[in-house]
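# Architecture at a glance
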Amino acid sequence: MNKIAIYPGSFDPLTMGHVNIIERGLHVFDEVIVAIAHNTSKKTVFTEEERLEHLHLVFSANPRVKIDRFEGLLVDYARKTGAGSVLRGIRTVSDYEYEFQMALANKRLYPDMETIFMMTDGAYSYLSSTIIKEIIRFGGSAEGMVPPAIADLLKRKLAGV
Ligand code: COA
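Quick look at the structure, then. Quantities reported herein were computed from a predicted structural model and do not represent experimental measurements. (Residues numbered from 1 in each chain as written. Predicted model: local features only at pLDDT ≥ 70, side-chain atom pairs only at ≥ 80, totals over all residues. Heavy atoms only, no water.)

## Re the site of the ligand
Keep this limit in mind: When at least one non-hydrogen atom of a residue lies within 4 Å of a molecule or strand, that residue is treated as near it. In the analysis that follows, any N or O atom pair within 3.5 Å is treated as a polar contact, provided that within protein one partner can donate a hydrogen and the other can accept it, and provided that, for residues neighboring in sequence, both atoms belong to side chains. Only the protein chains shown count as covering a residue, and every accessible area follows the Shrake-Rupley method with a 1.4 Å probe. Helix and strand labels come from DSSP, where a helix needs a run of H or I of at least four residues and a strand needs a run of E of at least two; each type is numbered from the N terminus.
Near the ligand you find 24 residues, and of these Ser10, Lys42, Leu74, Ser129 and Thr130 are the closest. In the environment of the ligand, an oxygen atom lies 2.5 Å from a nitrogen or oxygen atom belonging to the side chain of Ser10. In the model, an oxygen atom of the ligand is placed 2.9 Å from a nitrogen or oxygen of the Arg91 side chain. Burial of the ligand by the surrounding chains reaches 83%, relative to a free accessible area of 960 Å². Contributions of two or more residues to the shell around the ligand are made by strand S1 (4–9), helix H1 (16–28), helix H4 (93–109) and helix H5 (129–137).

Below you can see the structure in the form of C-alpha coordinates.
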(Lines give C-alpha, C1' and ligand atoms only; values in the text may rest on other atoms or scores of the structure.)
Protein backbone atom coordinates (compact mmCIF):
# COMPACT_ATOMS: atom_id res chain seq x y z
CA MET A 1 0.00 0.00 0.00
CA ASN A 2 1.34 3.42 -0.85
CA LYS A 3 1.48 5.99 1.92
CA ILE A 4 -0.50 8.78 0.32
CA ALA A 5 -3.77 9.81 1.95
CA ILE A 6 -6.47 12.15 0.76
CA TYR A 7 -8.02 14.36 3.42
CA PRO A 8 -11.23 15.54 1.75
CA GLY A 9 -13.70 18.13 2.98
CA SER A 10 -15.40 21.44 2.46
CA PHE A 11 -13.01 23.49 4.62
CA ASP A 12 -15.43 26.42 4.83
CA PRO A 13 -13.30 27.47 6.68
CA LEU A 14 -10.31 25.33 7.61
CA THR A 15 -10.33 24.88 11.41
CA MET A 16 -7.65 23.98 13.93
CA GLY A 17 -9.44 20.64 14.22
CA HIS A 18 -8.68 19.98 10.54
CA VAL A 19 -5.08 21.19 10.97
CA ASN A 20 -4.64 18.82 13.90
CA ILE A 21 -5.81 15.83 11.84
CA ILE A 22 -3.56 16.78 8.90
CA GLU A 23 -0.50 17.19 11.15
CA ARG A 24 -1.13 13.86 12.86
CA GLY A 25 -1.82 12.29 9.46
CA LEU A 26 1.73 13.21 8.49
CA HIS A 27 2.99 10.91 11.27
CA VAL A 28 1.29 8.02 9.49
CA PHE A 29 1.46 8.93 5.79
CA ASP A 30 4.29 10.17 3.58
CA GLU A 31 1.99 12.65 1.92
CA VAL A 32 -1.43 14.08 2.70
CA ILE A 33 -3.48 15.57 -0.12
CA VAL A 34 -5.90 18.10 1.35
CA ALA A 35 -8.65 18.16 -1.26
CA ILE A 36 -11.61 20.50 -1.40
CA ALA A 37 -14.65 18.58 -2.58
CA HIS A 38 -16.87 20.44 -4.98
CA ASN A 39 -20.15 19.90 -3.15
CA THR A 40 -23.18 21.29 -4.95
CA SER A 41 -25.56 20.62 -2.04
CA LYS A 42 -23.51 22.60 0.49
CA LYS A 43 -23.78 26.39 0.31
CA THR A 44 -20.42 27.81 1.25
CA VAL A 45 -19.44 31.27 2.49
CA PHE A 46 -16.01 31.12 0.86
CA THR A 47 -15.51 30.42 -2.83
CA GLU A 48 -13.45 27.43 -3.82
CA GLU A 49 -10.60 29.79 -4.79
CA GLU A 50 -10.70 31.46 -1.36
CA ARG A 51 -10.65 28.10 0.41
CA LEU A 52 -7.73 26.96 -1.73
CA GLU A 53 -5.92 30.18 -0.79
CA HIS A 54 -6.55 29.50 2.93
CA LEU A 55 -5.05 26.02 2.58
CA HIS A 56 -2.02 27.38 0.71
CA LEU A 57 -1.46 30.04 3.38
CA VAL A 58 -1.31 27.42 6.10
CA PHE A 59 0.49 24.55 4.39
CA SER A 60 2.63 26.00 1.58
CA ALA A 61 5.83 25.53 3.62
CA ASN A 62 5.22 21.81 4.03
CA PRO A 63 6.25 19.80 0.96
CA ARG A 64 4.41 16.72 2.28
CA VAL A 65 1.06 18.47 2.16
CA LYS A 66 -0.49 18.85 -1.29
CA ILE A 67 -3.46 21.13 -1.86
CA ASP A 68 -6.05 20.29 -4.49
CA ARG A 69 -9.75 20.27 -5.36
CA PHE A 70 -11.90 17.67 -7.03
CA GLU A 71 -15.31 17.19 -8.56
CA GLY A 72 -17.34 14.01 -8.61
CA LEU A 73 -16.68 10.88 -6.62
CA LEU A 74 -13.90 10.69 -4.09
CA VAL A 75 -13.03 7.16 -5.27
CA ASP A 76 -12.44 8.43 -8.82
CA TYR A 77 -10.19 11.15 -7.48
CA ALA A 78 -8.30 8.56 -5.41
CA ARG A 79 -7.78 6.39 -8.50
CA LYS A 80 -6.53 9.43 -10.42
CA THR A 81 -4.04 10.53 -7.76
CA GLY A 82 -2.95 7.01 -6.80
CA ALA A 83 -3.75 7.61 -3.13
CA GLY A 84 -4.36 4.37 -1.22
CA SER A 85 -6.17 5.89 1.76
CA VAL A 86 -8.70 8.47 2.83
CA LEU A 87 -8.12 10.16 6.14
CA ARG A 88 -11.15 11.26 8.18
CA GLY A 89 -11.46 12.75 11.64
CA ILE A 90 -14.16 11.59 14.05
CA ARG A 91 -15.29 14.15 16.62
CA THR A 92 -18.33 12.64 18.25
CA VAL A 93 -20.41 9.50 18.24
CA SER A 94 -22.85 11.21 15.87
CA ASP A 95 -20.04 11.66 13.30
CA TYR A 96 -19.49 7.93 13.36
CA GLU A 97 -22.74 6.89 11.72
CA TYR A 98 -22.27 9.18 8.71
CA GLU A 99 -18.59 8.33 8.38
CA PHE A 100 -19.22 4.61 8.65
CA GLN A 101 -21.82 4.80 5.88
CA MET A 102 -19.47 6.77 3.63
CA ALA A 103 -16.55 4.46 4.30
CA LEU A 104 -18.63 1.38 3.42
CA ALA A 105 -19.97 2.98 0.24
CA ASN A 106 -16.45 3.97 -0.80
CA LYS A 107 -15.19 0.46 -0.04
CA ARG A 108 -17.86 -0.99 -2.29
CA LEU A 109 -16.93 1.42 -5.09
CA TYR A 110 -13.16 1.03 -4.69
CA PRO A 111 -12.13 -1.99 -2.59
CA ASP A 112 -8.41 -1.12 -2.76
CA MET A 113 -8.90 2.18 -0.94
CA GLU A 114 -8.87 2.23 2.86
CA THR A 115 -10.59 4.80 5.07
CA ILE A 116 -8.46 5.60 8.09
CA PHE A 117 -10.22 7.28 11.01
CA MET A 118 -8.46 9.43 13.55
CA MET A 119 -10.05 10.62 16.76
CA THR A 120 -10.15 14.42 16.76
CA ASP A 121 -8.10 15.89 19.59
CA GLY A 122 -10.37 16.50 22.58
CA ALA A 123 -9.49 20.20 22.47
CA TYR A 124 -11.24 20.50 19.09
CA SER A 125 -14.01 17.95 19.28
CA TYR A 126 -16.69 20.62 19.79
CA LEU A 127 -15.60 22.62 16.72
CA SER A 128 -17.25 22.84 13.35
CA SER A 129 -16.89 25.33 10.52
CA THR A 130 -20.50 26.43 11.08
CA ILE A 131 -19.92 27.21 14.78
CA ILE A 132 -16.82 29.25 13.96
CA LYS A 133 -18.64 31.26 11.31
CA GLU A 134 -21.43 32.03 13.76
CA ILE A 135 -19.01 33.17 16.48
CA ILE A 136 -17.22 35.55 14.10
CA ARG A 137 -20.42 36.86 12.53
CA PHE A 138 -21.68 37.94 15.94
CA GLY A 139 -18.41 39.58 16.94
CA GLY A 140 -16.98 36.79 19.12
CA SER A 141 -13.38 35.70 19.17
CA ALA A 142 -12.41 32.55 17.30
CA GLU A 143 -8.85 32.64 18.62
CA GLY A 144 -7.37 29.17 18.75
CA MET A 145 -10.18 27.79 16.60
CA VAL A 146 -8.76 28.74 13.20
CA PRO A 147 -5.15 29.09 12.02
CA PRO A 148 -3.86 32.62 12.75
CA ALA A 149 -3.01 33.10 9.05
CA ILE A 150 -6.68 33.02 8.09
CA ALA A 151 -8.28 34.60 11.18
CA ASP A 152 -8.23 38.13 9.75
CA LEU A 153 -9.52 37.01 6.37
CA LEU A 154 -12.46 35.40 8.14
CA LYS A 155 -13.23 38.51 10.18
CA ARG A 156 -13.13 40.69 7.08
CA LYS A 157 -15.45 38.39 5.21
CA LEU A 158 -17.96 37.63 7.96
CA ALA A 159 -17.95 40.58 10.32
CA GLY A 160 -16.84 43.25 7.84
CA VAL A 161 -13.92 44.41 10.02
N1 COA B 1 -12.29 19.39 13.49
C2 COA B 1 -13.24 20.30 13.41
N3 COA B 1 -14.26 20.25 12.56
C4 COA B 1 -14.32 19.20 11.74
C5 COA B 1 -13.36 18.18 11.75
C6 COA B 1 -12.30 18.30 12.69
N7 COA B 1 -11.34 17.39 12.78
N8 COA B 1 -13.69 17.26 10.84
C9 COA B 1 -14.81 17.68 10.27
N10 COA B 1 -15.20 18.85 10.81
C11 COA B 1 -16.42 19.59 10.48
C12 COA B 1 -16.30 20.48 9.29
O13 COA B 1 -15.87 21.76 9.67
C14 COA B 1 -17.72 20.48 8.78
O15 COA B 1 -18.49 21.44 9.50
P16 COA B 1 -19.78 22.13 8.85
O17 COA B 1 -20.76 21.04 8.55
O18 COA B 1 -20.21 23.05 9.91
O19 COA B 1 -19.31 22.82 7.59
C20 COA B 1 -18.26 19.10 9.14
O21 COA B 1 -17.41 18.64 10.15
C22 COA B 1 -18.19 18.05 8.07
O23 COA B 1 -17.46 18.50 7.02
P24 COA B 1 -16.31 17.84 6.20
O25 COA B 1 -15.40 16.98 6.98
O26 COA B 1 -15.68 18.95 5.45
O27 COA B 1 -17.08 16.87 5.31
P28 COA B 1 -18.26 17.16 4.35
O29 COA B 1 -19.42 16.43 4.91
O30 COA B 1 -18.42 18.58 4.00
O31 COA B 1 -17.70 16.45 3.04
C32 COA B 1 -16.78 14.56 1.79
C33 COA B 1 -17.44 15.07 3.06
C34 COA B 1 -16.13 15.66 0.99
C35 COA B 1 -15.71 13.59 2.22
C36 COA B 1 -17.83 13.79 0.98
O37 COA B 1 -18.95 14.62 0.78
C38 COA B 1 -17.31 13.31 -0.35
O39 COA B 1 -16.56 12.37 -0.42
N40 COA B 1 -17.74 13.96 -1.45
C41 COA B 1 -17.38 13.56 -2.81
C42 COA B 1 -18.54 12.86 -3.51
C43 COA B 1 -18.57 11.42 -3.13
O44 COA B 1 -17.66 10.63 -3.39
N45 COA B 1 -19.70 11.02 -2.54
C46 COA B 1 -19.93 9.67 -2.11
C47 COA B 1 -19.35 9.40 -0.78
S48 COA B 1 -19.79 7.78 -0.27
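## Quick look at the sheet that holds S1
Quick note on the threshold: Each pair of strands is called paired provided DSSP finds at least two bridges between the two strands. The axes are straight lines fitted to the C-alpha atoms, using for helices just the contacting stretch, and the angles between their N-to-C directions are given from 0 to 180°. Contacts between residues were defined by any pair of non-hydrogen atoms, one from each residue, lying within 4.5 Å.
Strand order in the open sheet formed by 5 strands is S3-S2-S1-S4-S5, with parallel pairing between adjacent strands. Looking at the sheet topology across the chains shown, the edges are occupied by strand S3 (65–70) and strand S5 (114–119). On average, each strand axis in the sheet is inclined to that of its neighbour by 30°, with strand direction left out of account. Where H1 meets the sheet, it contacts S1, strand S2 (31–37), S3, strand S4 (85–90) and S5, and its direction lies at approximately 120° from that of S5. Across the face of the sheet, helix H3 (residues 74–81) comes into contact with S1, S2, S3 and S4 while running at roughly 145° to S1.

## Side note on the packing of H5 against helix H6 (residues 148–158)
The following threshold applies: The cut-offs work like this: below 35 degrees is roughly parallel, past 145 is roughly antiparallel, 65 to 115 is roughly perpendicular, and the gaps in between are oblique. The crossing is said to be left-handed when, going from far helix to near helix, the turn is anticlockwise and less than a right angle, and right-handed when the turn is clockwise. In this classification, Asp, Glu, Lys and Arg are treated as charged, Ala, Val, Leu, Ile, Met, Phe, Trp, Tyr, Cys and Pro as nonpolar, and every other residue, Gly included, as polar.
Close contact between H5 and H6 brings their axes to 9 Å; oriented N to C, the two are set at 65°. In terms of orientation, H5 lies roughly perpendicular with respect to H6. Classified by chirality, the crossing of H6 by H5 is right-handed. Contacts between H5 and H6 involve Lys133, Ile136 and Arg137 from the first element and Leu154, Lys155 and Leu158 from the second. Tallied by class, residues from the contact of H5 with H6 come to 3 nonpolar, no polar and 3 charged.

## A word on the environment of Phe11
Here is the rule we go by: Here's how the labels work: a residue is buried when its accessible area is under 20% of the maximum for its type, exposed when over 50%, partly exposed in between, all with a 1.4 Å probe on protein chains only.
Mapped onto the elements, Phe11 comes out in the loop between S1 and H1. Using a relative accessible area of 3% as the deciding quantity, one classes Phe11 as buried. In this structure the C-alpha to C-alpha distance between Phe11 and Thr120, which are 109 residues apart in sequence, comes to 15 Å. Setting aside residues no more than four positions away along its own chain, Phe11 makes contact with His18, Val34, Ala35, Ile36, Arg51 and Leu55.

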